[in-house]
Amino acid sequence: PDGIRFWASNADVTSEESLDGGRWQMLTATSDGHTVRLFKNGQQIGEGEETLANDESIVRLTPVDPWDKAHRFFGEIRGFTIWNSALTPRALQMLWDSRKMD
């Protein structure tokens, strides 16, 4: 209800955009070393000044939230990719536009 968010051990980036129930969506977080940006379906929905320098190099998909320990994503994840550099907004839009429709 509070929007899509990205969190790491020492970072928290929020958005006011929520998930669309029952629809496939492409969610993306990028970091250029200074700023974490959040995207939904190729469009930027949030950003925060975060370096991620002191964070763990571990990815956890859909963990229980660290605040209330009550919220968790329930759904299906199709395709998960980690790129070795931050994709540009244009590249993310091209990925979204080229997706295969079910």
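Read on for a plain summary of the structure. Only a predicted model underlies this, so the values are computations on that prediction, with no experimental measurement involved.

## Re the side chain of Thr28
Here Thr28 is to be found in strand β3 (residues 27-31). In this structure Thr28 comes out as buried when scored by relative accessible area, which is 18%. Not counting residues up to four positions away in its chain, the partners in contact with Thr28 are Arg37, Leu38, Phe39 and Leu92.

## Some details on the sheet that holds β3
Pairing is antiparallel across the open sheet formed by 3 strands, whose spatial order is β3-β4-β5. Looking at the sheet topology across the chains shown, the edges are occupied by β3 and β5 (43-49). The mean inter-strand angle of the sheet, taken between neighbouring strand axes irrespective of direction, is 20 degrees. As defined by bridge partners, strand β4 (residues 35-40) adjoins β5 across 6 bridges and the pair is classed as antiparallel. By the bridge assignment for β5, Phe39 is matched with Gln44.

## Remarks on the packing of aromatic side chains
Applying the stated rule across the entire model yields 1 aromatic pair. Sitting above the plane of the Trp96 ring, Arg99 keeps its charged end 3.6 Å from the centroid.

## Notes on the pairing of β4
Extensive coverage of β4 is indicated by the burial of 5 of its 6 residues. Pairing of β3 with β4, which is carried by 5 bridges, proceeds in the antiparallel orientation. Across the sheet, Thr28 pairs through a bridge with Phe39, a residue of β4. Between β3 and β4, which pair antiparallel and follow one another directly, the connecting turn spans 3 residues, one of which, Gly33, has a positive phi of 100 degrees. Linkage of β4 to β5, two consecutive antiparallel strands, is achieved through a turn of 2 residues, within which Asn41 is found at a positive phi near 55 degrees.

## Details of a nonpolar patch on the surface
Taken together, the side chains of Leu19, Leu27, Val59, Leu61, Phe73, Ile77, Phe80 and Ile82 define a hydrophobic patch exposed on the protein surface, amounting to about 730 Å² of accessible area. Overall, the relative accessible area of 33% leaves Phe73 in the partly exposed class.

## Comments concerning the pattern of salt bridges
Opposite charge on two side chains permits pairing when their charged atoms draw close. Enumeration according to the criterion identifies 6 salt bridges in this entry. The closest approach of N and O atoms between Arg5 and Asp12, which form a salt bridge, is 2.7 Å. We classify Arg5 as partly exposed; its relative accessible area is 31%. When the shortest N-O distance is used, the salt bridge between Asp20 and Lys40 registers 3.1 Å. With a gap of 20 residues between them, Asp20 in the loop between β2 (11-14) and β3 and Lys40 in strand β4 connect regions that are remote in the sequence. Connected through salt bridges with shared partners, the residues Glu17, Asp20 and Lys40 form a single ionic network.

Reading the values: the criteria
- Just so you know, the residues in each chain are numbered from 1, in the order the chain's sequence is written.
- Confidence filtering applies because this is a predicted model: local features only for residues at pLDDT of at least 70, side-chain atom pairs given and counted only at 80 or more, and all residues used for totals across whole chains, interfaces and linings.
- Only hydrogens and water are set aside when side-chain values are computed; all heavy atoms of the structure are taken into account.
- The way it works is that DSSP assigns letters per residue, a run of H or I at least four long becomes a helix, a run of E at least two long becomes a strand, and they are numbered from the N terminus.
- For every residue, the accessible area (1.4 Å probe, protein chains only) is compared with the maximum for its type, and the residue is labelled buried under 20%, exposed over 50%, or partly exposed between those bounds.
- Should any heavy atoms of two residues lie within 4.5 Å, those residues are counted as being in contact.
- Two strands are said to pair when DSSP picks up at least two bridges between them.
- Axis geometry follows a simple rule: fit a line to the C-alpha atoms, using only the stretch in contact for helices, then measure angles between N-to-C directions, giving values from 0 to 180 degrees.
- Only Phe, Tyr and Trp rings take part, Trp by its six-membered ring, and two of them pair if their centres are within 6.5 Å. Stacked means planes under 30 degrees apart, edge-to-face means over 60, and tilted covers everything else.
- Remark: a charge is flagged as sitting over a ring if the NZ atom of Lys or the CZ atom of Arg is within 6 Å of the ring centre and within 35 degrees of the ring normal.
- Note that patches include only residues with greater than 30% relative accessible area and no salt bridge, and the join distances are 9 Å for like charges and 5 Å for nonpolar side chains (Val, Leu, Ile, Met, Phe, Trp, Tyr).
- Accessible surface area values rest on a Shrake-Rupley calculation with a 1.4 Å probe, where residue burial reflects the displayed protein chains alone.
- For this analysis, a salt bridge means a side-chain nitrogen from Lys or Arg found within 4 Å of a carboxyl oxygen belonging to Asp or Glu.

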